[in-house]
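Inside the fold
Spelled out from the first residue to the last, the chains are:
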Amino acid sequence: MSRTDGVFKTYKLYVGGKFPRSESGRVYEVTDSKGAWLANAPQSSRKDARDAVVAARKAFGGWSGATAYNRGQVLYRVAEMLEGRKEQFVREVAASEGLSKSKAAAVVDAAVDRWVWYAGWTDKIGQISGGANPVAGPFFNLSTPEPTGVVAVLAPQKSSFLGLVSVIAPVIATGNTAVVIASADAPLPALSLGEVLATSDVPGGVVNILSGATAELAAPLAAHQDVNAIDLTGAGAELAKELEVAAADNLKRVLRPQPAEADGSDASTDWLAAPGTHRLTAFLETKTVWHPTGALGAAGSSY
C-alpha cells in the first residue's frame, strides 16, 4: 500500500504549502489493522505546531478576504483532485481502517461528496446565519457572519478520511485557516490529502497537517495565544477537559466532542450521516452594523 512502482513512499508534514520533515527528525511506524507495517510517518514536535500556527495566521487575511464564491470554487477543485486520486485513497483507507476494498471505495466516494457539499455552502451560509434585524428607528441593522481565525482541528482517530474531510472542509469553507492533527494511528490518508491540497488552488497555509501524538501536539495549540478556536473531535474525554481549560486562557471557541465521540475513538460516530450546518457555524463570529436609512424625496419619506 505504501509503495509506488516498487519505491517506498515518503510521507511528510504539510505546513505553509510545503512538505517539511518534522523539526525533531522523529518518525514513528504506522501499521495496518493487523499490525503489519505500512510506512514511517513524521512525528511532529511542538515547534512544528507553532510553525503551523504562523503559516495559518499568515494565510488568514487572504483566505478570509476572498469572496465566498471563490472559496467555493477552490473547494470544488479539491474534490476534483480527490476524485482523480481515488485509487490511492481507497488503498490507504482500506489498510488504515481494516476495510474491504469495496467498503473503502464507498468511504472515499462519501468523502469526495462531502467536500463538494461543503463547497456549495460557502456562499450560502451567510443566508442562514445572518440577516437584517428589525429595530426601532431609521436604521439598517445587519448581522453578518465572519470567520473566527486560526482553528486547531483534532481529526477523528478512527475515521481517517471521511471523518477528516468532515472536520476540515467546514472550517475552511467559512474563511478560517486550519492546523490539523491527523489521526495518530492512521495518519496516512491525512498526509496524502496534503499532497492534493498542494496541487489544487488552496493557498499555502490555509490547511496545515501534522502527524504524531495527539496529546503532545494539542496541548501547545490549545494554549497558543494566536489560535482562535479548537475542534476537540479527536480528543478523549480526559484530554478534552484539559484542552478546554487551556483554551479558556484566550477565550477560544471550543467545539466539544459529540457524545458518540467522547471516548476519542469516534467508532460509533456515523460519519456517513448528513452533516448539517453545525460545523459551519461553530467557527463564525457575528458582526452587526447599524447604518442610518436616510431620507428620499421632498416629503422626507425614508426607505
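Higher on the page you've got the structure.
Notes on the structure follow. (Residues numbered from 1 in each chain as written. Predicted model: local features only at pLDDT ≥ 70, side-chain atom pairs only at ≥ 80, totals over all residues. Heavy atoms only, no water.)

With that out of the way, let us pick up the overall build of the protein chain. Summing up its helical and strand segments, the protein chain has ten helices and twelve strands in all. What you see for the protein chain is a C-alpha radius of gyration of 21 Å, in line with the 19 Å of a compact globule of 303 residues. The buried share among the 303 residues of the protein chain stands at 50%. For the protein chain, the proportion of contacts with a sequence separation of at least 24, taken over those separated by at least 6, is 76%. (Helix = DSSP H or I, 4+ residues; strand = E, 2+ residues; numbered from the N terminus. Rg over C-alpha atoms; globule rule 2.2 N^0.38 Å. Buried < 20%, exposed > 50% of the residue type's maximum accessible area, 1.4 Å probe, protein only. Contact = heavy atoms within 4.5 Å.)

Following both chains from N to C, one finds helix 1 (residues 46–65) and helix 8 (residues 214–223) inclined at 45°, their axes separated by 9 Å at the closest point. Here helix 1 is positioned oblique relative to helix 8, judged by the angle of their axes. Note on packing geometry: the crossing formed by helix 1 with helix 8 is right-handed. Contacts between helix 1 and helix 8 involve Arg46, Ala49 and Val53 from the first element and Glu216, Leu217, Ala219, Pro220 and Leu221 from the second. Considering only residue class, the contact of helix 1 with helix 8 consists of six nonpolar, no polar and two charged. (Axes fitted to C-alpha atoms, helices over the stretch in contact; angles between N-to-C directions. Parallel < 35°, antiparallel > 145°, perpendicular 65-115°, else oblique. Left-handed = near helix turned anticlockwise from the far one by under 90°. Nonpolar A, V, L, I, M, F, W, Y, C, P; charged D, E, K, R; others polar.)

Next up on the list: the environment of alanine 240. Along the polypeptide, alanine 240 turns up in helix 9 (residues 237–247). Given the relative accessible area of 5%, alanine 240 is considered buried. Between the C-alpha atoms of alanine 240 and alanine 110, which are 130 residues apart in sequence, the distance is 28 Å. Those residues within four positions of alanine 240 in sequence are excluded, and the remaining contacts are Leu232, Ala235 and Pro257.

The next point concerns the pairing of strand 7 (residues 150–154). When you tally the buried positions in strand 7, you get five out of five residues, the bulk of the element. Neither face of strand 7 is left uncovered, since the one carrying Val150, Ala152 and Leu154 and the one carrying Val151 and Val153 both have all their residues buried. Looking at chain direction, strand 7 and strand 8 (residues 177–181) are connected through five bridges and run parallel. Opposite leucine 154, over in strand 8, you have isoleucine 181 as the bridge partner. Where the polypeptide runs from strand 7 across helix 6 (residues 162–173) and back to strand 8, its parallel neighbour, the crossover connection is right-handed. (Pairing = 2+ DSSP bridges. Right-handed = clockwise from strand over helix to strand, strands pointing away.)

A word on the sheet that holds strand 6 (residues 139–147). Taking strand neighbours across the sheet as the criterion, the three strands line up as 5-6-12 in an open arrangement whose pairing is antiparallel. Looking at which strands have only one partner, the edges of the open sheet turn out to be strand 5 (131–132) and strand 12 (284–292). Of the pairings in the sheet, the one linking strand 5 to strand 6 comprises two bridges and is antiparallel in character. Bridging from a neighbouring strand, alanine 132 pairs with leucine 142 of strand 6.

Pairing is parallel across the open sheet formed by five strands, whose spatial order is 9-8-7-10-11. Pairing within the sheet leaves two strands with one partner each, and these edge strands are strand 9 (207–210) and strand 11 (253–255). Averaged over all pairs of adjacent strands, the angle between their axes in this sheet comes to 15°, without regard to strand direction. Sheet topology note: the strand 7/strand 10 (residues 229–231) ladder contains three bridges and is parallel. Counterpart to valine 153 in the pairing with strand 10 is aspartate 231.

For the rest of this paragraph, the subject is the pattern of salt bridges. Going through the model one piece at a time under the given rule, you end up with twelve salt bridges. In this structure, aspartate 123 and lysine 124 form a salt bridge, with 3.1 Å as the shortest nitrogen-oxygen distance. Lysine 124 gets classed as partly exposed once you look at its relative accessible area, which sits at 42%. Note that arginine 256 and glutamate 244 form a salt bridge whose closest N and O atoms lie 2.9 Å from each other. (Salt bridge = Lys/Arg side-chain N within 4 Å of Asp/Glu carboxyl O.)

Ranked by size, the top nonpolar core spans 65 residues in total, and within it Leu82, Trp115, Phe161, Val180, Leu197 and Ile209 carry the most contacts. Of all the elements, helix 4 (residues 101–121) adds the most residues to this core, at eleven residues. With sequence-adjacent residues up to four places away left out, leucine 82 is seen in contact with Phe89, Val112, Trp115, Phe161, Leu193 and Val196. Counting residues in hydrophobic clusters, the runner-up holds 25 residues, among them Val15, Ala152, Ile181 and Leu221. (Core = buried A, V, L, I, M, F, W, Y, C linked by side-chain atoms within 4.5 Å.)

For the rest of this paragraph, the subject is helix 4. Over its 21 residues, helix 4 extends 31 Å from the first C-alpha to the last, a length consistent with the 30 Å expected when each residue adds 1.5 Å. The secondary structure elements touched by the buried residues of helix 4 are helix 2 (68–84), helix 3 (86–97), helix 5 (125–129), helix 6, helix 7 (188–198) and helix 10 (278–281). (Expected span 1.5 Å × (residues − 1).)

Here we take up the packing of aromatic side chains. What the rule picks out here adds up to six aromatic pairs. On the numbers, 5.8 Å between centres and 75° between planes, the contact of phenylalanine 139 with tryptophan 290 is edge-to-face. With a gap of 151 residues between them, phenylalanine 139 in strand 6 and tryptophan 290 in strand 12 connect regions that are remote in the sequence. Note on phenylalanine 139: relative accessible area 37%, which makes it partly exposed. (Phe/Tyr/Trp six-rings, centres within 6.5 Å; stacked < 30°, edge-to-face > 60°.)

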